[in-house]
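# Descriptive analysis of the structure
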Amino acid sequence: MCGAPVAESVKTLGDLKGIFRDQAAWQDSDPDREVYRVRWWAPVVSGNEGGLFWGVTILQPGRVGDEYFMTHGHFHANRTRAEYYATVAGIGTLLRMDAERRTWAEDMVPGGLYYIHGEHAHRAVNIGDVPLIFWACWGSDAGYDYGTIQQHGFATSLLERDGKPAIVPHSS
Ligand SMILES: [Fe+2]
């Protein structure tokens, strides 16, 4: 994608304060290291009802301590607005969480298509050795609620245990 309506956002480790469990490891990490970037096409103004946005996320491989690189994750400000994700390349896990903090984990493999209900927070985790690339399509009036995740986090984490990814409750 290219052209005037395409925007880009880059998130580095320094931008992801408070997201990873191991704060000491995060402090020791390079704050300028890129974790992911999103390019999205916004043919209509954000907040307009009835439009659709299209985004491509490139999530790098890596870990902070034993926790895999992941996106910030968010609820939609408008909880009635759903979203599609589709994996293009790489191997990952899609974490979803509802308002009661029940969490689901789905494998992200190339060709996989995921329908994310509007009331579910969503986060992608790269558990592979190459960039995880996925498409997303969401409503132009979905909006973002990053604050709930910033404040309370997800209920589970993807950690490397014995060389393999493991889904671990956040309290352990
Ligand atoms: Fe979303």
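The rules behind the values
Note on numbering: residues in each chain are counted from 1, in written sequence order. Selection of residues for local features in this predicted model requires a pLDDT of at least 70, selection of side-chain atom pairs for listing and counting requires 80 or more, and totals for whole chains, interfaces and linings are taken over all residues. Heavy atoms throughout the structure, all of them, feed into the side-chain values; hydrogens and water do not. Cavities and pockets were defined on a 1 Å grid built from protein atoms only: a cavity is a group of points that admits a 1.4 Å probe but offers it no way out, a pocket is an open group of points flanked by protein on both sides within 12 Å along at least five of seven lines, and a lining residue is one with an atom within 4 Å of any such point. Grid points are joined across faces, edges and corners, and a volume is the space filled by probe spheres set on the points. Numbering of helices and strands runs from the N terminus, with a helix taken as a DSSP run of H or I at least four residues long and a strand as a DSSP run of E at least two residues long. We call a set of buried residues a nonpolar core when its members are Ala, Val, Leu, Ile, Met, Phe, Trp, Tyr or Cys and they connect through side-chain atoms within 4.5 Å of each other. Residue exposure (1.4 Å probe, protein chains only): buried if accessible area is under 20% of the type maximum, exposed if over 50%, otherwise partly exposed. Only heavy atoms enter the contact rule, under which two residues are in contact if any of them lie within 4.5 Å. The term salt bridge refers to a side-chain nitrogen of Lys or Arg lying within 4 Å of a carboxyl oxygen of Asp or Glu. For this analysis, a ring pair means two rings from Phe, Tyr or Trp (six-membered ring only for Trp) whose centres lie within 6.5 Å, classed as stacked if their planes differ by under 30 degrees, edge-to-face if by over 60, and tilted for the remaining angles. Between any two strands, pairing holds if DSSP finds at least two bridges. With water omitted from the atoms examined, metal sites may look incomplete; donors here are N, O and S atoms no farther than 2.8 Å from the metal, or 3.2 Å in the case of Na, K and Ca.

A few words now on the layout of surface pockets. Its volume calculated, the largest pocket comes out at about 450 Å³. Put simply, the parts of the chain that give the lining of the largest pocket at least two residues each are β1 (6-12), β2 (34-41), β3 (52-59), β6 (83-89) and β11 (132-139).

Once that is clear, we can look at unusual backbone geometry. Of note, R101 is a non-glycine position whose phi angle comes to about 70°, a positive value. Inspection of the secondary structure puts R101 in the loop between β7 (92-97) and β8 (103-108). The backbone of D162 shows a phi angle near 55°, a positive value even though the residue is not glycine. Looking at the secondary structure, you find D162 in the loop between β12 (156-161) and β13 (164-169).

Attention now moves to the nonpolar core. The biggest cluster of nonpolar side chains holds 35 residues, and the ones touching the most others in it are F20, Y85 and M108. Put simply, the parts of the chain that give this core at least two residues each are β2, β3, β7, β9 (113-116), β10 (121-126) and β11. The dominant element in this core, judged by the number of residues it contributes, is β11, at four residues. Excluding residues within four positions of it along the chain, M108 makes contact with Y85, T87, G90, I91, G92, T93, L94, Y114, A124, L132 and F134.

Turning our attention to the pattern of salt bridges. A side chain of one charge can pair with a side chain of the opposite charge when the charged atoms of the two come close. For the structure shown, the criterion picks out 10 salt bridges. Of the charged contacts, one joins R39 and E8 as a salt bridge, the two residues approaching to 2.7 Å between their closest N and O atoms. Separated by 31 residues along the polypeptide, R39 in strand β2 and E8 in strand β1 bring together distant segments of the chain. A relative accessible area of 31% places R39 in the partly exposed class. For E8, a relative accessible area of 41% puts it in the partly exposed group. One salt bridge connects R102 with D98, and the closest N-O pair in it is separated by 2.8 Å. Here the residues in one salt-bridge network are E8, E34, R37 and R39, joined through shared partners.

Right, let's get into the packing of aromatic side chains. Inspection of the entire model under this criterion finds six aromatic pairs. Note on F20 and F69: the rings are 6.4 Å apart at their centroids and 55° apart in plane angle, and the pair reads as tilted. Pair noted here: F20 is in the loop between β1 and α1 (23-28) and F69 is in the loop between β5 (67-68) and β6, with a separation of 49 residues, a long-range link. For F69, a relative accessible area of 0% translates into the label buried.

In this structure, β7 lies alongside β8, joined through six bridges in antiparallel fashion. When the sheet's bridge partners are listed, L95 is paired in β8 with A105. Adjacent in sequence and paired antiparallel, β7 and β8 are bridged by five residues, among which R101 carries a positive phi angle near 70°.

Moving on, we come to the coordination of the iron ion. Where a metal carries four tetrahedral donors, each ideal angle is 109.5 degrees; where it carries six octahedral donors, the ideal angles are 90 or 180 degrees. For the iron ion, the full set of protein donor atoms is H74 (NE2), H76 (NE2), E83 (OE) and H122 (NE2), at a range of 2.0 to 2.3 Å. Mapping the donors of the iron ion onto the primary sequence yields the spacing H-x1-H-x6-E-x38-H. Of the two residues, H76 sits in the loop between β5 and β6 while H122 sits in strand β10, which places them 46 residues apart along the sequence. Across the pair, exposure class does not vary: H76 and H122 are buried alike.

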